[in-house]
Amino acid sequence: MAYRNPFKPTAGASPPLLVGRDEVLEEFEESIDDGPGAPGRLSLITGPRGVGKTVVLNAVHDIVVAKGWIAIAETATTGMCDRITQAVRRHHEELRQGRSARVRGITLPVVGGGLTFESRADPPADLRESTASLLDELEPNETGLLITVDEVHRKSVGEIRHLATVVQHLVREDRNIALVMAGLPSAVSDVLSDSVLTFMRRASREELSDVSLADVRESLAETITRNGRTITSSALDAATEATGGYPFMVQLVGYHCWRKTTGSAIDDAATSSGIPAARKRLGSTVHAAALADLSAVDRTVLLAIAVDDGPARTADVARRIGESAKYVSIYRQRLIDAAVIQPAGRGFVDFTIPYLREYLREHAASAL
Ligand SMILES: Nc1ncnc2c1ncn2[C@@H]1O[C@H](COP(=O)(O)OP(=O)(O)OP(=O)(O)O)[C@@H](O)[C@H]1O
Ligand SMILES: [Mg+2]
């Protein structure tokens with residue numbers, strides 16, 4: 001019997017079970033229900049690579065769509081505001097057509113092939129006006145518009161500034177609009193340091209981090225049994241442990257352990273070959289991407305941190321690279337902002353992404 005693999009180890013792909021994000025999503029949903037002015041209607045989601053920012057945006061999207069809202073998902077790249085304007089206009093047009101079709105269906109007999117389109121002026125091109133007129137259409141039905149912006153980056157600060165300014169005006173006018181943006185912590189703080197974007201500094205901040213192992217264990221078991229297989233208790237322990245609570249790794253470990261199983265039960269044999277396969281994929285996807293974002297000096301500092309088996313003392317890191325503590329402290333902060341390392345007690349730092357230490361050791365030469 002062929003078993004379909006339920007795990008989704010792909011960036012941006014919604015997992016079979018979204019572990020540990022209920023609270024974030026409930027808060028957002030309350031803000032939607034509470035009406036204009038509720039704090040979560042303007043949110044910033046940050047966190048390290050692979051922690052699940054994009055899939056939280058997807059979930060936020062689903063929440064409002066279930067309430068009849070319109071949701072537009074964008075990424076912060078050149079042309080973003082134009083694309084949002086186009087999408088707003090398209091939705092507006094669809095709503096009008098849907099409504100006039102309904103009206104025709106009820107009140108008017110179809111005459112001459114049903115060509116009873118009213119002549120309409122073209123909707124305005126400008127983002128603010130287009131959005132306002134779409135909201136005019138939505139608000140009488142108590143629905144609204146959500147815009148999500150993924151991969152916020154300092155390069156796109158101009159576009160974000162434009163969008164935020166438009167949203168700020170609409171929020172002031174108590175319109176039914178929500179804006180949720182996501183990005184790496186360093187990118188988001190770069191964008192927030194823009195003097196025009198003070199408005200976004202009032203946004204609610206959601207810093208996503210690892211999920212609890214208890215939740216991981218439960219979700220792995222549930223996903224597996226729901227999809228027709230079982231997992232032995234010791235295999236489940238090993239798989240849970242191997243994820244380190246890191247969401248991307250939950251999917252990778254689940255996926256590869258599932259693949260290495262032939263019968264109906266995932267056992268120790270499956271985890272002992274599935275876990276190394278998952279780690280390897282983690283390296284070639286997440287670790288490689290996280291390192292590619294950094295400078296050569298950042299990577300040198302990381303290699304010096306990776307010498308220790310646990311948290312590294314910054315003073316030791318400075319000694320290892322032959323630089324002053326002051327010099328290292330600048331890179332320490334850069335790497336914390338990039339969510340690659342985190343403070344681990346006074347004077348110590350540790351990696352945020354699991355197995356990055358091992359990956360750096362194995363790829364020391366190419367990491368530089
Ligand atoms: N809460 C979660 N529970 C289970 N799996 C998750 C969870 N969050 C994310 N994942 C899985 O982790 C992977 C990465 O998720 P996602 O692409 O959303 O991360 P990201 O934070 O947007 O990463 P990046 O910074 O690279 O854009 C996907 O395979 C996704 O299915
Ligand atoms: Mg993402």
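Residues numbered from 1 in each chain as written. Chains lettered and ligands numbered in written order. Predicted model: local features only at pLDDT ≥ 70, side-chain atom pairs only at ≥ 80, totals over all residues. Heavy atoms only, no water.

Some points on the sheet that holds strand 5 (residues 204–207)
With parallel pairing, 5 strands are arranged side by side in an open sheet as 2-3-4-1-5. Two strands bound the open sheet, and with one partner strand each, they are strand 2 (70–75) and strand 5. Pairs of neighbouring strands in the sheet enclose a mean axial angle of 15°, with direction left out of account. Helix-sheet contacts for helix 2 (residues 53–66) involve strand 1 (42–46), strand 2, strand 3 (145–150) and strand 4 (177–183), and the interaxial angle to strand 3 is about 170°. (Pairing = 2+ DSSP bridges. Helix = DSSP H or I, 4+ residues; strand = E, 2+ residues; numbered from the N terminus. Axes fitted to C-alpha atoms, helices over the stretch in contact; angles between N-to-C directions. Contact = heavy atoms within 4.5 Å.)

Quick notes on the packing of aromatic side chains
When we look at a pair of aromatic rings, we describe it by the centre distance and by the angle of the planes. One pass over the full model with this rule turns up 3 aromatic pairs. Here the aromatic rings of Y3 and W258 are separated by 6.3 Å at their centres, their planes lie at 85°, and the arrangement is edge-to-face. Taken together, the positions of Y3 in the segment before helix 1 (22–34) and W258 in helix 10 (residues 247–259) put the pair 255 residues apart, joining distant regions of the chain. For the pair F7 and W258, a centre-to-centre distance of 6.5 Å together with 70° between the ring planes defines the contact as edge-to-face. Residue F7 is located in the segment before helix 1, and its partner W258 is located in helix 10; the two are separated by 251 residues in the primary sequence. For the pair F7 and W258, a shared accessibility class is recorded, and that class is buried. Members of the aromatic cluster, connected to one another through ring pairs, are Y3, F7 and W258. (Phe/Tyr/Trp six-rings, centres within 6.5 Å; stacked < 30°, edge-to-face > 60°. Buried < 20%, exposed > 50% of the residue type's maximum accessible area, 1.4 Å probe, protein only.)

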